[in-house]
Amino acid sequence: MPSEYRLILKHLDQPGYTPDLDCYLRHDGYHVLRQALALAPRPGPDGKPISPQEQLRHEVTLSGLRGRGGAGFSCGLKWSLVDRKSGKPIYLVCNADESEPGTFKDRQVIYKDPHQLLEGLILSSYANDVHLAYIYIRGEFVEGARILERALAEARAQGFLGRNILGSGYDLEVYVHRGAGAYICGEETGLLESLEGKRPYPRVKPPYFPAVLGLYLCPTIVNNVETLCAVKHVMALGGAEYAKLGTPNNTGTRLVSLSGHIQRPGYYEIEVGKVTLGELIFDPAFGNGLRPSRRLKAIIPGGVSAKIFKAGEKVKVKRPGPDGRELEQTLDVLELPYDFTSLTAAGSMSGSGAIIVLDDTTDMVSALANISEFFAHESCGQCTPCREGSLWLAKALRRLTQGAGRAQDAEYLARIADSIPGGRTICAFGEACSWPVQSTVAKFKDEFVARGKDHEARRTAAAQAGETAK
Amino acid sequence: MPVTVPSALEAQIEELIARYPQKRSAAVMVLHALQDHFGCLAPETMEWAAAKLELQPINILELVTFYPMFRQAPVGRFHLKVCRTLSCALAGSHELHRHLCEKLGLDRHAHGPQTTPDGKFTVEFVECLAGCGTAPVLMCNDACHEGVTLAQAEALLAQCEGG
């Protein structure tokens, strides 16, 4: 029986659990931080002492934790790339710009358990010798920003933040920084530009990898809210223990946001890869299936940027067999374990962990038009293929939803979508706006062609009627 | 006419600026504070912000014209932002938007924010508000309302009317 595994969400929906510090302390809050700050240097194999910070970073590497923001990049590796020899300060920025349509998981932690995030953030800062950190929260989370400000004030008052934290000699200041409604601020280098008071135009990589040239051109770590919470649990359990959760290369737990045509939309926490896409949608412990007499039509498995799956689609996935060797298997998309590796191997991604379910009442042309309208609105405009392409896509889809479509629009959409990604843009937004179009048009092509033909036929009929009337 | 920023607000803004190693970083936070106070960001307000942050006015204008939450014209007392994006759209947010516009006598096809002639309500579509699990969602000023039915939307309007 598939079931939830609540680590990050353990307390936050319990009756009587409140976002204040007292409640957090009653639930063993800041215990992990106390332990971490009490760590002593340990002699290494070569006799040289290993600093507490290095020990903590090692645990994160051991844990196999992958970033929960969308890219699934190894957290330990990200931290290891930080330039520690530059002599410049190292900054940490928490990405709380939750904006990928379909995603609403970070919001739960921010609103209901802010101290869990702070503890993870303080631990991560300590492990990386960070003394100044920011939480970049999307502008629309007005109340969320207030909750975090309150939590920071409480933590400061109790000595968990500020100078000489818990008598350890470690200093850290954390501030909340609000965005103002732009999706592109979720892209980490765009976020840094925004935090510097500029338009959030993503930076060119190389050379501007945040780990080397981040905020104020200093080494910077950008981690998602959920990733920082996971760090707390990595340090509580130990990296090796944490890595036993989930599946190899997809360790730990993960928050999943379920929405769309489903009986029980909501947020769930699972061991990564221990639950399949189909179970997440149909099992009573999760989505509990579709509404009566509806049938599954399509699944967006990782936020609207992800390539769409068609119901009944078969995908070829390489997975370790019983003897450990890789075997190629053909699976129905519903049989895919919900993890980073399987979804990528199946040609899509688990992205931000947001699943949007579409049933047979969905008009795919309208659904895609909705998605493309989003990207056209949110493209930052820096790179021509994305700025122009995202608008052309939205325009073509607009005419297909407003009676002005053409039979060749399906081809036209595919051609534009193919012309945007693949290194032609500075950031991954180019991919993000193309993937839903490429996949939806390819997998539901008949709907798009039929719509265009129908519009053409109506126009021809109207023109002929006009001729006859003359 | 130069803008008058009350001393309490100026103190708050100075506290915001002190949070960053570089003044310019505070720009978005300062603009939020000014917009919350003045209702919108007029040219003289932007010039004040630029001077305060030791920037050129263009450095502020380029932010105000980029970030969707900033505005150069005032909105109604109750600013209703309805989520337009996919999960909310599947749950009826477009019907919700239409209903609000019809109730308030606004043009639902017009682009951008629409304000009632009495200046009481502004309605606009916005992109995903990260409330997809409780769609459709809308924001009324700073508060997020989830799973909003047409009846609840009407009740909200009535509540605002009374308030």
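Starting from 1, residues in each chain are numbered consecutively following that chain's sequence as written. Chains carry letters and ligands carry numbers; both start at the beginning, A for chains and 1 for ligands, and go up in the order they are written. This being a predicted model, a pLDDT of at least 70 is required before a residue's local features are given, and a value of 80 or more before pairs of side-chain atoms are given or counted; all residues contribute to the totals for chains, interfaces and linings. The basis for every side-chain value is the complete set of heavy atoms in the structure, and neither hydrogens nor water enter the calculation.

**A few points about the overall build of chain A**
Then step 1. Each helix corresponds to a stretch of at least 4 residues labelled H or I by DSSP, and each strand to a stretch of at least 2 residues labelled E; elements are numbered beginning at the N terminus. Each helix and strand counted, chain A has 18 helices and 15 strands in total.
Then step 2. With the radius of gyration taken over C-alpha atoms, the globule rule is written as 2.2 Å times the number of residues to the power 0.38. For chain A, whose C-alpha radius of gyration is 24 Å, the value lies close to the compact-globule estimate of 23 Å for 470 residues.
Then step 3. Residue exposure (1.4 Å probe, protein chains only): buried if accessible area is under 20% of the type maximum, exposed if over 50%, otherwise partly exposed. Taken over 470 residues, chain A has a buried fraction of 59%.
Then step 4. Summarising the internal contacts of chain A: among those between residues at least 6 apart in sequence, 68% fall at separations of at least 24.
Then step 5. Each accessible area value is a Shrake-Rupley result obtained with a 1.4 Å probe; residue values ignore everything except the protein chains displayed when judging cover. Accessible surface computed for chain A: about 18300 Å², of which carbon and sulfur atoms make up 53%.
Then step 6. For chain A, the separation between the mean place of its 56 positive charges and that of its 54 negative charges on side chains is 3 Å. Residues are treated as being in contact if the distance between any of their heavy atoms lies within 4.5 Å. We score Asp and Glu as negative and Lys and Arg as positive, and we do not count His or the chain ends. Here the site of a charge means atom NZ of a Lys, CZ of an Arg, CG of an Asp or CD of a Glu.

**Things to note about the interface of chain A and chain B**
Then step 1. Opposite the 56 residues of chain A that make contact, chain B presents 35 residues.
Then step 2. Here the quantity called buried area is the accessible surface, traced with a 1.4 Å probe, that two parts lose on coming together, added over both. On the chain A side of the contact with chain B, A:Ala180, A:Arg199 and A:Asn370 bury the most area, a combined 17% of that side's loss.
Then step 3. Here, a salt bridge means any Lys or Arg side-chain nitrogen found within 4 Å of an Asp or Glu carboxyl oxygen. Where chain A meets chain B, there are 2 salt bridges.
Then step 4. For A:Glu149, the salt bridge goes to B:Arg19, with nearest N and O atoms at 3.4 Å.

**Focus on the pattern of salt bridges**
Residues and elements named next belong to chain A.
Then step 1. With the rule as written, the count across this model stands at 40 salt bridges over all chains.
Then step 2. Put simply, Glu 226 and Arg 68 hold a salt bridge, and the shortest N to O gap is 3.7 Å. One end of the pair, Glu 226, is in helix 10 (residues 225-237); the other, Arg 68, is in the loop between helix 3 (52-63) and helix 4 (75-80), and 158 residues separate them in sequence. Of the two residues examined, Glu 226 and Arg 68, each falls in the buried class.
Then step 3. For Arg 387, the salt bridge is made with Glu 388, and the minimal N-O distance between the two is 3.0 Å.
Then step 4. In this structure Arg 387 comes out as partly exposed when scored by relative accessible area, which is 30%.
Then step 5. Using a relative accessible area of 28% as the deciding quantity, one classes Glu 388 as partly exposed.
Then step 6. A single salt-bridge network, built from bridges that share partners, covers Glu 4, Arg 6, Asp 13 and Lys 112.

**Some points on the environment of A:Pro101**
Then step 1. Mapping A:Pro101 onto the fold places it in the loop between strand 3 (91-96) and helix 5 (106-112).
Then step 2. When the C-alpha positions of A:Pro101 and A:Leu327 are compared, they lie 34 Å apart, and in sequence the two are 226 residues distant.
Then step 3. In contact with A:Pro101, other than residues within four places in its own chain, are A:Tyr183, A:Gly303, A:Val304, A:Ala354, A:Ile356, A:Phe374, B:Thr85, B:Cys128 and B:Cys132.

**As for the sheet that holds strand 12 (residues 309-310) of chain A**
All names here are of chain A.
Then step 1. Between any two strands, pairing holds if DSSP finds at least two bridges. If you trace the 5 strands from one edge of the open sheet to the other, you get 10-9-15-11-12, paired in mixed fashion. What marks the edges here is a single partner per strand, and that holds for strand 10 (266-271) and strand 12.
Then step 2. As paired elements, strand 9 (residues 253-260) and strand 10 share 6 bridges and run antiparallel to each other. What sits directly across from Thr 253, in strand 10, is Glu 271.

**What about the packing of helix 6 (residues 93-104) of chain B against helix 7 (residues 150-162) of chain B?**
Residue and element names in this part refer to chain B.
Then step 1. Axis lines are fitted to C-alpha atoms, over the contacting stretch for helices. Their N-to-C directions set the angle, which ranges from 0 to 180 degrees. Between helix 6 and helix 7, whose axes approach to 10 Å, the crossing angle comes to 40 degrees. Here helix 6 runs over helix 7; the crossing is right-handed. Contacts between helix 6 and helix 7 involve Glu 95, Leu 96, His 99, Leu 100, Lys 103 and Leu 104 on the former and, on the latter, Leu 150, Ala 153, Glu 154 and Leu 157.
Then step 2. Note that Gly is not counted as nonpolar here; it falls among the polar residues with everything else outside the nonpolar set of Ala, Val, Leu, Ile, Met, Phe, Trp, Tyr, Cys and Pro and the charged set of Asp, Glu, Lys and Arg. Its residues assigned to classes, the contact of helix 6 with helix 7 shows 6 nonpolar, 1 polar and 3 charged. Here is the rule for handedness: rotate from the far helix to the near one, and if that takes an anticlockwise turn smaller than a right angle the crossing is left-handed, while a clockwise turn gives right-handed.

**Digging into the pairing of strand 14 (residues 326-332) of chain A**
Residues and elements named next belong to chain A.
Then step 1. Relative to strand 14, strand 13 (residues 314-320) runs antiparallel, the two being bridged by 7 bridges. Bridge pairing in strand 14 links Val 315 to Leu 331.
Then step 2. In this antiparallel pair of consecutive strands, strand 13 and strand 14, the connection spans 5 residues, and Gly 324 shows a positive phi of 90 degrees.

**Quick notes on the sheet that holds strand 5 (residues 173-178) of chain A**
Backbone-to-backbone hydrogen bonds join strands into a sheet, with any given pair of strands oriented parallel or antiparallel.
All names here are of chain A.
Then step 1. In spatial order, the strands read 5-4-3-6; together these 4 strands make up an open sheet with parallel pairing. Because the sheet does not close on itself, it has two edges, and the strands there are strand 5 and strand 6 (220-224). The average angle at which neighbouring strand axes cross in this sheet is 20 degrees, direction not considered.
Then step 2. Two strands pair when backbone bridges link them, and strand 4 (residues 132-137) and strand 5 are joined in this way by 6 bridges, in the parallel orientation. Bridging from a neighbouring strand, Tyr 134 pairs with Tyr 175 of strand 5.
Then step 3. Contacts from helix 7 (residues 142-157) reach strand 4 and strand 5 within the one sheet, and its direction differs from that of strand 5 by about 170 degrees.
Then step 4. Across the sheet, helix 10 is in contact with strand 3 and strand 6; its angle to strand 6 comes to roughly 95 degrees.

**As for the confidence of the model for chain B**
Then step 1. As a per-residue quantity, pLDDT reports the predictor's confidence and falls between 0 and 100. For chain B, per-residue confidence averages 96 on the pLDDT scale, and 99% of positions sit at 70 or higher.
Then step 2. Here the complex is predicted with pTM 0.96, and the ipTM for its interfaces comes to 0.97.

**Overview of empty space enclosed by the protein**
Residue and element names in this part refer to chain A.
Then step 1. We place a 1 Å grid over just the protein atoms. Points where a 1.4 Å probe fits but has no way out form a cavity, open points with protein on both sides within 12 Å along at least 5 of 7 lines form a pocket, and any residue with an atom within 4 Å of a point lines it. Grid points are joined across faces, edges and corners, and a volume is the space filled by probe spheres set on the points. A complete count under the given rule lists 1 cavity of 30 Å³ or more for this structure.
Then step 2. Its volume calculated, the largest cavity comes out at about 80 Å³.
Then step 3. Breaking the lining of the largest cavity down by element, the ones donating at least two residues are helix 15 (384-401) and helix 17 (429-443).
Then step 4. Split into classes, the residues belonging to the lining of the largest cavity amount to 8 nonpolar, 5 polar and 1 charged.

**What to know about the environment of A:Leu7**
Then step 1. The residue A:Leu7 is located in the segment before helix 1 (21-26) in this model.
Then step 2. Considered as a pair, A:Leu7 and A:Arg254 are 247 residues apart in the sequence and their alpha carbons are 9.0 Å apart.

**Brief notes about the domain arrangement of chain B**
Then step 1. The domain boundaries assigned to chain B delineate domain 1 (7-66) and domain 2 (78-162).
Then step 2. For domain 1 of chain B and domain 2 of chain B, the distance between their C-alpha centroids amounts to 29 Å. Just so you know, the domain bounds were taken from an automatic or database domain assignment.

**Quick word on a nonpolar patch on the surface**
Then step 1. A surface patch of nonpolar side chains, about 270 Å² in accessible area, is lined by A:Phe73, A:Leu77 and A:Leu81.
Then step 2. As for its placement among the helices and strands, A:Phe73 is situated in the loop between helix 3 and helix 4. Without a salt bridge and with relative accessible area above 30%, a residue can belong to a patch; like charges are then joined within 9 Å and nonpolar side chains (Val, Leu, Ile, Met, Phe, Trp, Tyr) within 5 Å.

**Regarding the nonpolar core**
Then step 1. Among the buried residues, those of types Ala, Val, Leu, Ile, Met, Phe, Trp, Tyr and Cys that are joined through side-chain atoms within 4.5 Å form a nonpolar core. A:Phe375, A:Leu413, A:Phe448, B:Leu34, B:Ile60 and B:Tyr67 are the most contacted members of the largest nonpolar core, which totals 81 residues.
Then step 2. The element contributing the most residues to this core is helix 14 (residues 364-378) of chain A, with 8 residues.
Then step 3. When neighbours within four sequence positions are excluded, A:Leu413 is seen to be in contact with A:Leu393, A:Ala396, A:Leu397, A:Leu400, A:Val437, A:Val441 and A:Phe448.

**Things to note about the domain arrangement of chain A**
Residues and elements named next belong to chain A.
Then step 1. You can read the domains of chain A as domain 1 (21-243), domain 2 (248-359) and domain 3 (364-456).
Then step 2. Each of domain 1 and domain 3 has a C-alpha centre, and these two points are 36 Å apart.
Then step 3. Each partner contributes residues to the interface: domain 1 has 11 residues there, and domain 3 has 8 residues.
Then step 4. The largest contributions to the domain 1 side of the interface with domain 3 come from Tyr 183, Ile 184 and Tyr 201, which together make up 54% of the buried area.

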